[in-house]
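Tertiary structure, described
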Amino acid sequence: MANDTSKSSNNKQSIDTLKTSGFERRMSIAKTSLNIGRRWAGNSVSGMFLNKEARTARNQAFMEEQANYLATELGKLKGSVVKIGQMLAIYGEHILPPEITRALQTLNDNTATLSWPTIEQTLHKLLGDKLNDLKVDPVPIGTASLAQVHRATVLETGEQVVLKIQYPGVAEAINSDLSLFKQLLKVSNIVPQTRSLDAWFEEIRDLLHHEVDYEAEAATTERFYDRLSHDSRYIVPKINRNYSKKRLLCMSYEPGITVVSEELQLLSHERRNAIGQAAIEIMMQEIFVWGEMQTDPNFGNYLVRVSDDQDDIDKLILLDFGAIRQFDKHLLTIAHGLLKAGYRHDHQAMVLAMTGYDFFDSMSDKVRSDVASLFLLATEPFSDPSINPDIPIDSLDQDSRYIWANSKLHSRLSTQASKAMQSFEFNLPPKEFMFISRKFIGAYTFLTVLDAHTYSDKLVKPFL
């Protein structure tokens, strides 16, 4: 959740209450699914006399329209229904039609704000008389599906803080929201009901219950604060326990600019390279040192503190430690092996590293070889350029740094992955690998936007 000074919520729709009761949410979902069902039937009837090509084009446009309608209606509900949609947009590309994932991605940006009187009442319930210690700005500086953020001043000390205030009732509605969302997808006939979808809903259930526990998030934030307190490239907000509760998080206000802001693009290339290097290094630390990773690749979880002093460094502000995923040592050992094989661009070593995990062990030799080739491509930015002849010539600069924006890596990976999937009865990868994969895709996009050039040696050698 961003403490972004460049973003205002004044232009967002404000609502007075959330539909948090089971009855209200069931009625809203029922109305949405009924409307989608009616439109679907109407589209089928009106398209009966079209030729195949025209019908296909019409159905695709109709799917896009229905997906956008679905996203709009979900956005009005807020709460975990919206978060479920966001998570499916991030992780559900293998099980959802592209029209659905595109529409669900808009849920990140189009959430209405909860009106100040309702938020103030919530704060009174959570803090009691302690609320008198604070002067809270009634205009939120950030909104999301489960909470919104307000800036505040601790009157006695003048300390600038932000309050991440969970919407009332959303934690209690998670299980029913999941059931409602699955029912909506089933009734509207938008998404095929599969065991993979069921497995993802269970995973989302676990993640959501963890994400609404702000005591756990406070502890995680403090761990990252301690880990990075001696590295001047990073800023982690400091938790203020005096005003934090299970449904309320108080932390230091950390102003910065967004990753996509024009001001960031105006920085010198070397300064942007340094920010990019810091962004990818923190991800490597998460996976290979600490064994726990912030799994949400959303740009809103990062800000940049641009230095006014040319001799000082720009700092990456890390926000929102709710969506943390921990990995066991067995998985991390395999990940280490994959990274080493990728650095050395060694196909045989990559094949050998892919053992000890059911997903890999169940593959035939041909499939394992194809997937190893896919992993070699995925680890291209982390390979030693002096021994990897497959790096495109325009993807390295004169200092042998990897040029993310020139690499077209994401599209090359998508093409090769599609071919690999066609060669065998594709099973969804383990969820842990999908989390790591999405994190890498988020990092790839981040570094591409920055047009950053990074050294593979600095990224990988500490872990060899």
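See the structure printed just above.
Anyway, here's the lowdown on the structure attached to this text. (Residues numbered from 1 in each chain as written. Predicted model: local features only at pLDDT ≥ 70, side-chain atom pairs only at ≥ 80, totals over all residues. Heavy atoms only, no water.)

**Here's the deal with the sheet that holds strand β11 (residues 315–318)**
- Strand order across the open sheet formed by three strands is β7-β11-β10, with mixed pairing between neighbours. A single partner strand is all that each edge strand has here, and the edge strands are β7 (234–235) and β10 (302–305).
- As paired strands, β10 and β11 are joined by four bridges and run antiparallel to one another. Counterpart to Leu303 in the pairing with β11 is Ile317. (Pairing = 2+ DSSP bridges. Helix = DSSP H or I, 4+ residues; strand = E, 2+ residues; numbered from the N terminus.)

**Here's the deal with unusual backbone geometry**
- Positioned with a positive phi, Asp320 is a non-glycine residue whose angle comes to about 65 degrees.
- Taking relative accessible area as the criterion, Asp320 reaches 16% and is therefore assigned buried. (Buried < 20%, exposed > 50% of the residue type's maximum accessible area, 1.4 Å probe, protein only.)

**Side note on the packing of aromatic side chains**
- Within this structure, the stated rule accounts for nine aromatic pairs.
- Relative to Phe321, the ring of Phe224 lies with its centre 4.7 Å away and its plane at 35 degrees, an arrangement referred to as tilted. Here Phe224 is found in helix α8 (residues 214–228), whereas its partner Phe321 is found in the loop between β11 and β12 (324–326), with 97 residues between them in sequence.
- Phe224 sits in the buried class, given a relative accessible area of 0%.
- Its relative accessible area of 3% is what places Phe321 among the buried residues.
- Arranged with centres 6.2 Å apart and planes meeting at 55 degrees, the rings of Trp404 and Tyr444 form a pair that is tilted. With a gap of 40 residues between them, Trp404 in helix α15 (residues 404–407) and Tyr444 in helix α17 (residues 431–450) connect regions that are remote in the sequence. Like Tyr444, Trp404 is buried.
- Ring pairs connect the aromatic residues Phe382, Tyr402, Trp404, Phe440 and Tyr444, which therefore count as one cluster. (Phe/Tyr/Trp six-rings, centres within 6.5 Å; stacked < 30°, edge-to-face > 60°.)

**As for the environment of Leu376**
- Relative to the assigned elements, Leu376 resides in helix α14 (residues 365–378).
- Classification of Leu376 by relative accessible area gives buried; the value is 8%.
- Considering only alpha carbons, one finds Leu376 and His347, 29 residues apart in sequence, at a separation of 7.1 Å.

**Comments concerning helix α11 (residues 329–343)**
- Relative to the 21 Å expected for 15 residues at 1.5 Å per residue, α11 spans 21 Å between its end C-alpha atoms, a close match to the ideal helical length.
- Buried within α11 are the following residues: Leu331, Leu332, Ile334, Ala335, Leu338, Leu339, Ala341, Gly342 and Tyr343.
- Where α11 is buried, its residues meet α10 (269–290), α12 (347–353), α13 (358–361), α14, α17 and α18 (456–460).
- Where α11 begins, the side chain of Asp328 points an oxygen toward the backbone nitrogen of His330, at a separation of 3.0 Å.
- In the stretch just after α11, His345 is the one whose phi turns positive, near 50 degrees. (Expected span 1.5 Å × (residues − 1). Contact = heavy atoms within 4.5 Å. Polar contact = N/O pair within 3.5 Å; in protein donor to acceptor, adjacent residues only side chain to side chain.)

**What about the packing of α10 against α17?**
- Between α10 and α17, whose axes approach to 9 Å, the crossing angle comes to 170 degrees. Compared by their axis directions, α10 and α17 come out roughly antiparallel. Contacts between α10 and α17 pair Arg272, Ile275, Gly276, Ala279, Ile280, Met283, Glu286 and Ile287 from the former with Ile436, Lys439, Phe440, Ala443, Phe446, Leu447 and Leu450 from the latter.
- Its residues assigned to classes, the contact of α10 with α17 shows eleven nonpolar, one polar and three charged. (Axes fitted to C-alpha atoms, helices over the stretch in contact; angles between N-to-C directions. Parallel < 35°, antiparallel > 145°, perpendicular 65-115°, else oblique. Nonpolar A, V, L, I, M, F, W, Y, C, P; charged D, E, K, R; others polar.)

**Let's talk about the nonpolar core**
- Leu316, Leu318, Met354 and Phe360 are the most contacted members of the largest nonpolar core, which has 85 residues in total.
- Tallying contributions element by element places α10 first for this core, with ten residues.
- In terms of nonpolar packing, the next biggest core, distinct from the first, is built from 17 residues, Leu123, Leu134, Val136 and Val161 among them. (Core = buried A, V, L, I, M, F, W, Y, C linked by side-chain atoms within 4.5 Å.)

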